[in-house]
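Now for the letters of each chain:
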Amino acid sequence: MNHFFGKLLNYVWMFCLKVTASLPLIKEPNLFEGENSSLDLVDDIAGQNHKSVLIVTGAGLVRRGQVQPIVDRFEKHNISVTIFDRVEPDPTFSITNEALDLLLENQCECVLAIGGGSAMDLAKVIALSVSNKKRPEKLTGYFKALRKPLPFYAVPTTAGTGSEVTVISVLSDNQTKSKSFVIDPRTASLSTALDPTFMVTIPPALTAATGMDALTHAIEAYVGRNGSAYTDEQAMEAIRLICKYLPTAVADGSNIEARSALALASYKAGLAFTKASLGYVHAISHQLGAKYGVAHGLGNAILLPHVIKYSAPSIENKLATIAKAIGIDQANDDTQQLAKRMVEFLFDFNKEVGIPNHLAELKEQDFPGIVKDAMSEAYFNYPVPRFMQEQQCNQLLQQLLPSAAA
Ligand SMILES: [Fe+2]
């Protein structure tokens, strides 16, 4: 797309999205926090008079016995439980349809996701499918559903996507693995439990990648053009918590205080970006995921310092505010110095939590396709603070090549 028309389209469409996001359509879930809060959530669901529930989860959680206490609690309330435990990373339309068929077969009255972003996204889509009598394929894009979804509840087991509060669900094409988005302001969970007991077994690399995904959500929401006082406050709190607790959780996964803080940070980052949207980190990272299967959080983490460095001239004040909030400011720093310090911090923070400074899979011959698709995604979806042209995106990718980082 021509850069001039891309920018024009972006300004008009982002303004429309900002107006939509300011309407009271997106509601914050009822929140339960702390160890075993997932059981409090079950009690809350029982209080809604549901007679049956579909639990959407992964086989690993069931095998490790982590789902059983929740099932037992439902049964204590005489609520019949059906379990769909075939969720895998990047759920496809065919897996989503299988879960939908199971829900229909058992006439479940509500959906509870226990898992990461994949379980929650799949659950959100089938909840919307049932009430609108539309297959998931017919719901992709913006606002394709007429009716509100079946009641949806969430127990996130990773601290990264914030999907429990967002209005976006991501599904993959069965063959090409390309991503499709279902966007509806009513798909956020009605109630969520941030239960750290589900998170203590997450290995360090995944803790780092998911935490950096949440940090990217918060920073992109904060520095983009569609922020508000509300989203700024949520984003800033998420940034503070992640900068303080992510290194601890990576070093000691069993630290409940750090796990709880990161779960809350991911939740708050989700609240921020579902209204204020994202930016080039996500636009480029999605292409790296589609092309090479790079994990979403890892791609974001590697890209984040580079994209913020590129954007810095347009967001110095905001970067300076973040630098002060996380306490990396020094006496007599001016705004420019603070912004520079913030960019350096992001490169160092990646190192501290074990994120590589390059992308092993990246190949220069793939740049044209990655750049074209990333630019297109950004024009249509993100209120970026400083626009990139293809050449600038190319230059940014050059810095991620293994040879550049060596
Ligand atoms: Fe993300």
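Residues numbered from 1 in each chain as written. Predicted model: local features only at pLDDT ≥ 70, side-chain atom pairs only at ≥ 80, totals over all residues. Heavy atoms only, no water.

**Thoughts on the layout of surface pockets**
Step number 1: Computed from the structure, the second largest pocket encloses a volume of approximately 330 Å³.
Step number 2: Considering the residues around the second largest pocket, the lining is formed by 16 residues, among which Lys27, Lys148, Arg186, Ala188 and Leu190 are closest to the centre.
Step number 3: Class assignment for the residues of the lining of the second largest pocket results in nine nonpolar, three polar and four charged. (1 Å grid on protein atoms, 1.4 Å probe; cavity = no way out; pocket = protein on both sides within 12 Å on 5 of 7 lines; lining within 4 Å. Points joined across faces, edges and corners; volume = space filled by probe spheres on them. Nonpolar A, V, L, I, M, F, W, Y, C, P; charged D, E, K, R; others polar.)

**Let's talk about the side chain of Asp184**
Step number 1: Structurally, Asp184 can be placed in the loop between strand E8 (179–183) and strand E9 (191–194).
Step number 2: Taking relative accessible area as the criterion, Asp184 reaches 2% and is therefore assigned buried.
Step number 3: For Asp184, the contacting residues outside a window of four places in its chain are Leu128, Phe143, Ala145 and Val167. (Helix = DSSP H or I, 4+ residues; strand = E, 2+ residues; numbered from the N terminus. Buried < 20%, exposed > 50% of the residue type's maximum accessible area, 1.4 Å probe, protein only. Contact = heavy atoms within 4.5 Å.)

**Description of the sheet that holds strand E7 (residues 168–172)**
Step number 1: What the three strands build is an open sheet, ordered E5-E8-E7; its pairing is mixed. This sheet does not close on itself; its edge strands, each paired only once, are strand E5 (141–142) and E7.
Step number 2: As paired elements, E5 and E8 share two bridges and run parallel to each other. Along E8, the bridge assignment pairs Gly141 with Val182. (Pairing = 2+ DSSP bridges.)

**A short note on the nonpolar core**
Step number 1: Grouped together as the largest cluster of nonpolar side chains are 87 residues, with contacts concentrated most on Leu215 and Leu319.
Step number 2: With twelve residues, helix H9 (residues 256–276) is the largest single contributor of residues to this core.
Step number 3: Two domains each put at least three residues into this core: domain 1 (25–33 + 36–194) and domain 2 (202–405).
Step number 4: Other than its neighbours up to four places away in sequence, Leu215 contacts Ile239, Ile242, Cys243, Leu304, Leu346 and Phe349. (Core = buried A, V, L, I, M, F, W, Y, C linked by side-chain atoms within 4.5 Å. Domains from an automatic or database assignment.)

**Describing helix H10 (residues 280–292)**
Because each turn of an α-helix spans 3.6 residues, side chains separated by three or four positions in sequence point in the same direction.
Step number 1: For H10, which comprises 13 residues, the first-to-last C-alpha distance of 18 Å matches the rise-based estimate of 18 Å (1.5 Å per residue) to within 8%.
Step number 2: Of all the 13 residues making up H10, eleven are buried; the element is thus mostly covered by neighbouring parts of the structure.
Step number 3: Here H10 has its buried residues at Tyr280, Val281, His282, Ala283, Ile284, Ser285, His286, Gln287, Leu288, Gly289 and Tyr292.
Step number 4: Looking at the packing, one finds that the buried side of H10 touches E8, helix H7 (204–223), helix H11 (296–311), helix H14 (367–381) and helix H15 (390–398). (Expected span 1.5 Å × (residues − 1).)

**Focus: a nonpolar patch on the surface**
Step number 1: A surface patch of nonpolar side chains, about 700 Å² in accessible area, is lined by Met1, Phe4, Phe5, Leu8, Leu9, Val12 and Phe380.
Step number 2: Ranked by residues supplied to the nonpolar patch, first place goes to helix H1 (residues 3–22) with five residues.
Step number 3: By secondary structure assignment, the location of Met1 is in the segment before H1. (Patch = residues over 30% accessible without salt bridge, like charges linked within 9 Å, V, L, I, M, F, W, Y side chains within 5 Å. Areas by Shrake-Rupley, 256 points an atom, 1.4 Å probe, with all protein chains shown as cover. Salt bridge = Lys/Arg side-chain N within 4 Å of Asp/Glu carboxyl O.)

**Some words on the coordination of the iron ion**
Step number 1: Within the first shell, the iron ion binds the protein through Asp213 (OD), His217 (NE2), His282 (NE2) and His296 (NE2), at distances of 2.1 to 2.3 Å.
Step number 2: For the iron ion, the four donor atoms in the first shell make angles of 82 to 168° at the metal, a pattern classed as irregular.
Step number 3: In primary sequence terms, the donor set of the iron ion follows D-x3-H-x64-H-x13-H. Here the residue His217 occupies a position in helix H7, and His296 occupies one in helix H11, the gap between them amounting to 79 residues.
Step number 4: Under the relative-accessibility criterion, His296 is labelled partly exposed at 29%. (Donors = N, O, S within 2.8 Å, 3.2 Å for Na, K, Ca; no water. Tetrahedral: all angles 85-135°; square planar, octahedral: opposite > 155°, others 65-115°.)

**Considerations on empty space enclosed by the protein**
Step number 1: Counted according to the given criterion, the structure contains two cavities of 30 Å³ or more.
Step number 2: What lines the largest cavity is Glu220, Val223, Gly224, Leu278, Gly279, Tyr280, Val307, Ile308, Ser311, Pro383, Val384 and Pro385.
Step number 3: Only H7 and H11 provide two or more residues apiece to the lining of the largest cavity.
Step number 4: With three residues, H11 is the single largest residue contributor to the lining of the largest cavity.
Step number 5: Residues belonging to the lining of the largest cavity are distributed by class as follows: eight nonpolar, three polar and one charged.
Step number 6: Its boundaries defined by the atoms lining it, the second largest cavity holds a volume of some 50 Å³.
Step number 7: Lining the second largest cavity we find Ala159, Ile202, Thr207, Thr210, Gly211, Arg259 and Leu262.
Step number 8: Counting residues per element, the ones that place at least two in the lining of the second largest cavity are H7 and H9.
Step number 9: Ranked by the residues each element gives to the lining of the second largest cavity, the list is headed by H7, at three residues.
Step number 10: Residues that form the lining of the second largest cavity fall into these classes: three nonpolar, three polar and one charged.

**Details of the environment of Leu31**
Step number 1: Its place among the elements puts Leu31 in strand E1 (residues 30–33).
Step number 2: Sequence separation between Leu31 and Lys76 is 45 residues; the distance between their C-alpha atoms is 22 Å.
Step number 3: Leu31 has contacts with Thr192, Leu194, Leu264 and Tyr267, leaving out every residue within four places of it along the chain.

**With respect to the domain arrangement of the protein chain**
Step number 1: Each domain of the protein chain was delimited in the assignment, giving domain 1 (25–33 + 36–194) and domain 2 (202–405).
Step number 2: Put simply, the middle of domain 1 and the middle of domain 2, counted by C-alpha atoms, are 27 Å apart.
Step number 3: Taken together, the contacts link 19 residues of domain 1 with 21 residues of domain 2.
Step number 4: Here domain 1 packs against domain 2, burying approximately 1700 Å² in sum over the two surfaces, 62% of which is carbon and sulfur.
Step number 5: Applying the counting rule to domain 1 against domain 2 returns zero salt bridges.
Step number 6: Linking domain 1 to domain 2 there are six residue pairs in polar contact (both at pLDDT 80 or more).
Step number 7: When the residues that make up the side of domain 1 that touches domain 2 are grouped by side-chain class, the tally is ten nonpolar, six polar and three charged. (Buried area = accessible area lost by both parts, 1.4 Å probe. Polar contact = N/O pair within 3.5 Å; in protein donor to acceptor, adjacent residues only side chain to side chain.)

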